[in-house]
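For reference, the chains in residue letters:
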Amino acid sequence: MLPRAIKRLLHQATLSDQSYRFMFGRAPDDEFVVIDCETTGLNVRTDDVVAIAAIKIRGNRILTSARFEAIIHPDRELGAEAIRIHHLRKSDVEAAPIVWKVLPSLLHFIGPRPLIGYYVDFDIAMLDKYILPLVGIELPNERIEVSRLYYDRKYGDAPPNTSVDLSFAAILRDLCIPPLGQHDAFNDALMTAMMFVQLRDLTERGVRIPRQRSSPVFNPTGA
Amino acid sequence: MPKAFDISNPPFDRLTPNEAETLRAALDIAYFSPGEAIIRRDASAEALYVVIKGIIEERSEVDLLALLGPKDTFDSRALVHDHSGHQFFARDETLCYVIPRKVALDLIKANPRFAAFFYREISQKLDELANDEEARRYGSLMHAKVGELFLHPPVFLAASDTIETAGHLMREINSNALFVRDGERIGIVTGMNLSKAVVLGRQSIQTAVGTLANYDIVSLQRDDFVSSALLLMTKHNKRRLAVREGEEFVGILEEIDLLGFLAGSAQVTAGRIDRASSRQDLATAAREIETQTRVLRRQGVKVEVIAEIVSDLNRRLLSRLFDMVAPAELRTGSCLIVMGSEGRGEQTVRTDQDNGLILAGPVQGEVLEAFRHEFFVALESFGFPPCPGDIMVRNPAWSRPLSDYLADLRRWIVLPDQAAHMNVAIIYDAQAIAGDPQLLDDAKTALIDMTRGEQTFMAHFARAVDAFETPIGLFNNLITSEGTGDALDLKKGGIFPIVHGVRSLALGQGLRETSTDKRISRLCDLGVLQADFGRDLKQAFRFLLMLRLDGQLAASAGASGTLVRPAHLSSMERHLLRDALQVVKKFREIVGHHFKLGMF
């Protein structure tokens, strides 16, 4: 793996479609984009994106009125089995037009703004899979991981052997954010945005999230 | 588009689907850090906010007016009138939907019903709520359980018992239907069956009832819905149903009692009281009064009407008991009075014994003592708990000759001590319910004469309106949704200031009305209060009484959620509560100004 800074330089050079040079510009002050993808599975190589949602944040405002939302209809005939067999040809022929429709406007929406997400590396890796063949680059944007911000606030000063819970539900609970219907790209992005504005404020004020004193008993169901 | 934005949350439920879409498309979400100002004093609001999470403080200068929680909307005044006298701060980490000013104003222009929510005066808002509730409450009536209805006791006869035995038994238990056990079979025999057999069938009254009973009985369970009872009666063309609990028969449900439940049966109870021939009869009626409140509330009857009905029933009950217990000399030579909320006719759920006796002249000690005791014990057995302040007939200080009262009144007004103001308030609210009403009238006339021109006394008297602060605790409870003991806060923060402020103004004018509602009307007529404000004050008062009643009913049912608890108020109700408390605050200022309380 190349360090991201070097990769960014490399991509600036390999950018095949020069109209996307704005991706490397300077982000407007205090603006961010929260992003969330719904996918058919967790394998970046074999699974597909079925929905993308992105919401801008400016300062402490979550600009839900200016949002990006796209549903990508996966080819019904193209089951998991079919993808494995016809991987290259099918995606070239059938996936390309769909990605073409959606991605340019997404890239313009994001611009050079830092990307925020929950396990954002996965979402970006999913998108890069489509973006690389189209524009000749991977997303060069700075990444902000909310679970990392949460970890710092809650477990940053924790003694060793503290059991760590970075689940989405745990973050919602600690920040008292009302759960919206999950596994909807827009709602997930919105909740992530709510987490971000609050976690950033807690960080600025140096406020920590209290941990339970007694470490919870191991729960075999994983709930 | 935040799909999560709850369009069913008033006032947004009044938007058309298209308008709702416009609104959703324009929404942003703002985060506020603890202590951050959201709307500053006298600043115009750039937006209308709806709380998603966190707590907002509404303040005027230094006073905390209200705490807003999730789904609360603020601030319509800042939006519509361009500036708000109030400031809004985030108390903790807060997220709000932001409806841009222009979008909100456009919707207000386009949709009159939506606009009404922001523009109209509180009294109209409250009326709208009442109408919405009516539909809901009628529905809930049908979802009551059979066990809540009046059931006749399950009394069994053997098939070999005679018509004569059955007739006597029916009169004894005051029921028109009895169960008949004939071996394995169970039937019902009614008074009509007996009459027909004797009158039309010319049978002897020694005939066994086994042959007259109807064994084709339809039964249902105690915890079945009232609606299914109605269905069964219609379907099987029955006038009565047997009620079981498991396999056991626990009662008989008569059609008349079912219809009485659906239509309300205050007149039945009233009749029962008037016809009562023993204390036992009265005890039964007393229990019915208790259930009346719940039924009437379910039917969506307005709280002031419930209070009127219940107060009337309670007064009849006391009056009847007085007639039974009091010796002749007391019946003519004294006046039984009720005081407090009962005197004002604002009682809905049974409270303490608040009563007293004014004697025309001295009465022999033993006779009086016997009456005091007996009256108290009887009421206690009916379920009226003793008054904690001992303001009862049992207490010699509250059952004595008129001349003693008058002497005390004079002392209370000239040299007021701690209890003096309360005692004056108690007498001023009193109502005569039995005996010679002239005695109370004389006492009140004296009271009004004595207080006339006593500005210092009146100011001290009125000052109690400021005894309790705005009920922040109540709102805290709302937000933490762990609210208990809220009734008291509602009383201190809302009901008491209105009752006492109105009482002070009324005493100042020498009014003879006792109910707060009527006093407000008279004060408006006299120009002491402005008519508009009087209307708002009445509505606010009724709304607070209704909330308190719901709280009391829920508490007595021991159930959570079936009836409104402050923790479960709808956001509409919370909104109205805020408005009502604003009216209370304004009223306190009016009273303070009237009595020049600023000098204290």
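As the structure is a prediction and not an experimental result, all values here were calculated from the model.

## Describing the overall build of chain A
Of regular secondary structure, chain A possesses six helices and five strands. Listed by position from the N terminus, the elements making up chain A come as α-β-β-β-α-β-α-β-α-α-α. Every one of the 223 residues in chain A was classed for burial, and the buried ones make up 45%. Expressed as a percentage of contacts within chain A between residues at least 6 apart in sequence, the contacts between residues at least 24 apart total 67%. Surface summary for chain A: the accessible area is close to 12100 Å², and the carbon and sulfur share equals 57%.

## Some words on the side chain of His152(B)
If you trace the backbone, His152(B) turns up in the loop between α5 (122–142) and β9 (156–158). Excluding residues that lie within four positions of it along the chain, His152(B) makes contacts with Asn174(B), Ser175(B), Val250(B), Gly251(B), Ile252(B), Glu254(B) and Asp257(B).

## Observations concerning the packing of helix α4 (residues 146–155) of chain A against helix α6 (residues 185–205) of chain A
All names here are of chain A. Where α4 meets α6, the axes come as close as 10 Å, and the angle between the chain directions of the two elements is 35°. In terms of crossing hand, the pair formed by α4 and α6 is left-handed. Taken together, the residues of α6 that come into contact with α4 (itself represented by Val146, Leu149, Tyr150 and Arg153) are Thr192, Met195, Phe196, Leu199, Leu202 and Thr203. Residues belonging to the contact of α4 with α6 are distributed by class as follows: seven nonpolar, two polar and one charged.

## Thoughts on the interface of chain B and chain A
Contacts between chain B and chain A engage 20 residues on the former and 22 residues on the latter. In total, chain B and chain A occlude about 1800 Å² of area from one another, counting both sides; carbon and sulfur atoms represent 50% of this. Summed over the shared surface of chain B and chain A, the result is two salt bridges. Here Glu46(B) ties to Arg61(A) by a salt bridge, and the two come within 3.7 Å at their closest N and O atoms. At the surface where chain B touches chain A, the tally comes to 12 residue pairs in polar contact (both at pLDDT 80 or more). Breaking the side of chain B that touches chain A down by element, the ones donating at least two residues are α1 (17–26), β1 (28–32), β3 (47–53) and β8 (94–100) of chain B. The biggest single contributor to the side of chain B that touches chain A is β1(B), with four residues. In terms of residue class, the side of chain B that touches chain A is built from 14 nonpolar, one polar and five charged. Taken together, the two bridges between strand β3 (residues 61–71) of chain A and β1(B) define a ladder with antiparallel strand orientation. For Arg61(A), the partnering residue across the bridge sits in β1(B) and is Ala30(B).

## A word on the sheet that holds β9(B)
All names here are of chain B. Judged by pairing direction, the sheet is mixed, and its three strands sit side by side in the order β9-β10-β11 without closing on themselves. Looking along the sheet, the strands with just one partner apiece sit at the ends: β9 and β11 (185–190). For this sheet, the mean inter-axis angle between neighbouring strands, taken without regard to orientation, is 40°. Of the strand pairs in this sheet, β9 and strand β10 (residues 177–182) are connected by three bridges, and their pairing is parallel. Residue Leu157 lies in a different strand from β10, and its bridge partner there is Val180.

## Thoughts on the packing of aromatic side chains
All names here are of chain B. Summed over all chains, the structure comprises 21 aromatic pairs over all chains. Taking the centre distance of 6.3 Å and the plane angle of 25° together, the rings of Phe533 and Phe587 count as stacked. You can see Phe533 sitting in helix α23 (residues 531–557) and its partner Phe587 sitting in helix α24 (residues 571–594), a full 54 residues away along the chain. In this pair, the class of Phe533 matches that of Phe587, namely buried.

## Focus on the packing of helix α17 (residues 420–429) of chain B against helix α18 (residues 437–451) of chain B
If you want to describe how two helices pack, look at the angle between their axes and the distance between the axes. Residues and elements named next belong to chain B. Where α17 contacts α18, the two axes come as close as 9 Å, and the packing angle between them is 130°. It follows that α17 is oblique to α18 by the angle criterion. Remark: the crossing between α17 and α18 carries left-handed chirality. Contacts between α17 and α18 pair Val424, Ile427, Tyr428 and Asp429 from the former with Lys444, Leu447 and Ile448 from the latter. Its residues placed into classes, the contact of α17 with α18 shows five nonpolar, no polar and two charged.

## Overview of the nonpolar core
Judged by nonpolar contacts, the single largest core of 103 residues is most densely connected at Leu336(B), Leu357(B), Phe371(B), Phe375(B), Phe382(B), Leu529(B) and Leu537(B). When residues of this core are assigned to their parent elements, the largest contribution, 11 residues, is made by α23(B). Looking at which domains feed residues into this core, each of domain 3 (264–451) and domain 4 (462–599) of chain B supplies at least three. Beyond its immediate stretch of four places on either side in the chain, Leu537(B) contacts Ile498(B), Val502(B), Ile520(B), Leu529(B), Val583(B) and Phe587(B). The next biggest cluster of nonpolar side chains, apart from the first, holds 59 residues, and it includes Ile171(A), Ala193(A), Leu202(A) and Val103(B).

## With respect to the pattern of salt bridges
Following the criterion strictly, the structure yields 38 salt bridges over all chains and no others. For Arg113(A), the salt bridge identified is with Glu31(A), shortest N-O distance 2.7 Å. Placement of Arg113(A) in the loop between α2 (80–110) and β4 (115–117) and of Glu31(A) in strand β1 (residues 31–39) is noted, with a sequence separation of 82 residues between them. Here Arg113(A) and Glu31(A) have matching classes, each one buried. Look at the salt bridges and you will find they share partners, linking Arg344(B), Glu346(B), Asp429(B), Arg503(B) and Arg519(B) into a network.

## As for helix α15 (residues 365–381) of chain B
All names here are of chain B. If you check α15, its first and last C-alpha atoms are 24 Å apart, about what 17 residues at 1.5 Å a residue would give, namely 24 Å. Taken together, the buried positions of α15 are Leu368, Phe371, Arg372, Phe375, Phe376, Ala378 and Leu379. Projected onto a plane normal to the axis of α15, the buried residues spread over an arc of 165° and lie on a single side. Exposed side of α15, more than 90 degrees from the buried face: Glu366 and Ser381 are the residues found there. Once α15 ends, the next one or two residues include Gly383, with phi positive near 100°.

## Overview of helix α22 (residues 516–525) of chain B
Every α-helix carries 3.6 residues per turn, so stepping three or four residues along brings you back to the same face. All names here are of chain B. Those residues of α22 not exposed but buried are Thr516, Arg519, Ile520, Leu523 and Cys524. Seen from one end, α22 has its buried residues packed into an arc of 140°, which puts them on one side. Facing away from the buried surface of α22 by more than 90 degrees, the exposed residues are Lys518 and Asp525. The positive-phi residue at the C-terminal boundary of α22 is Gly527, with phi of around 80°.

## Points about the sheet that holds strand β12 (residues 219–221) of chain B
Adjacent strands of a sheet form backbone hydrogen bonds with each other and so pair up, either parallel or antiparallel. Residue and element names in this part refer to chain B. Taken in spatial order, the three strands line up as β12-β13-β14 in an open sheet, and their pairing is mixed. Sheet topology places β12 and β14 (248–254) at the edges, where each strand pairs with a single neighbour. For this sheet, the mean angle separating the axes of adjacent strands, direction not counted, is 35°. In this structure, strand β13 (residues 240–245) lies alongside β14, joined through six bridges in antiparallel fashion.

## Thoughts on empty space enclosed by the protein
Residue and element names in this part refer to chain B. According to the stated counting rule, one finds four cavities of 30 Å³ or more in the structure shown. Looking at the second largest cavity, its volume works out to about 50 Å³. Around the second largest cavity, the lining residues are Leu318, Val338, Glu342, Asp352, Gln353, Asp354, Asn355, Leu379 and Phe384. Looking at side-chain class alone, the lining of the second largest cavity contains four nonpolar, two polar and three charged residues.

## A word on the confidence of the model for chain A
Caution applies to low-pLDDT parts of the model: their predicted coordinates are not meant to be read in detail. Residue and element names in this part refer to chain A. Taken as a whole, chain A shows an average pLDDT of 80; of its residues, 80% reach a score of 70 or greater. The element-level mean pLDDT for chain A is lowest in α2, coming to 61, with β4 highest at 96. Within the model, pLDDT remains below 50 along residues 81–90, and this stretch shows eight contacts once partners closer than five positions in the same chain are excluded. Confidence drops under pLDDT 50 across residues 214–223; counting only partners more than four residues distant or on other chains, this segment forms one contact.

Rules of the game
Residues numbered from 1 in each chain as written. Chains lettered and ligands numbered in written order. Predicted model: local features only at pLDDT ≥ 70, side-chain atom pairs only at ≥ 80, totals over all residues. Heavy atoms only, no water. Helix = DSSP H or I, 4+ residues; strand = E, 2+ residues; numbered from the N terminus. Buried < 20%, exposed > 50% of the residue type's maximum accessible area, 1.4 Å probe, protein only. Contact = heavy atoms within 4.5 Å. Areas by Shrake-Rupley, 256 points an atom, 1.4 Å probe, with all protein chains shown as cover. Axes fitted to C-alpha atoms, helices over the stretch in contact; angles between N-to-C directions. Left-handed = near helix turned anticlockwise from the far one by under 90°. Nonpolar A, V, L, I, M, F, W, Y, C, P; charged D, E, K, R; others polar. Buried area = accessible area lost by both parts, 1.4 Å probe. Salt bridge = Lys/Arg side-chain N within 4 Å of Asp/Glu carboxyl O. Polar contact = N/O pair within 3.5 Å; in protein donor to acceptor, adjacent residues only side chain to side chain. Pairing = 2+ DSSP bridges. Phe/Tyr/Trp six-rings, centres within 6.5 Å; stacked < 30°, edge-to-face > 60°. Parallel < 35°, antiparallel > 145°, perpendicular 65-115°, else oblique. Core = buried A, V, L, I, M, F, W, Y, C linked by side-chain atoms within 4.5 Å. Domains from an automatic or database assignment. Expected span 1.5 Å × (residues − 1). Arc of directions from axis to C-beta. 1 Å grid on protein atoms, 1.4 Å probe; cavity = no way out; pocket = protein on both sides within 12 Å on 5 of 7 lines; lining within 4 Å. Points joined across faces, edges and corners; volume = space filled by probe spheres on them. pLDDT = per-residue confidence, 0-100.

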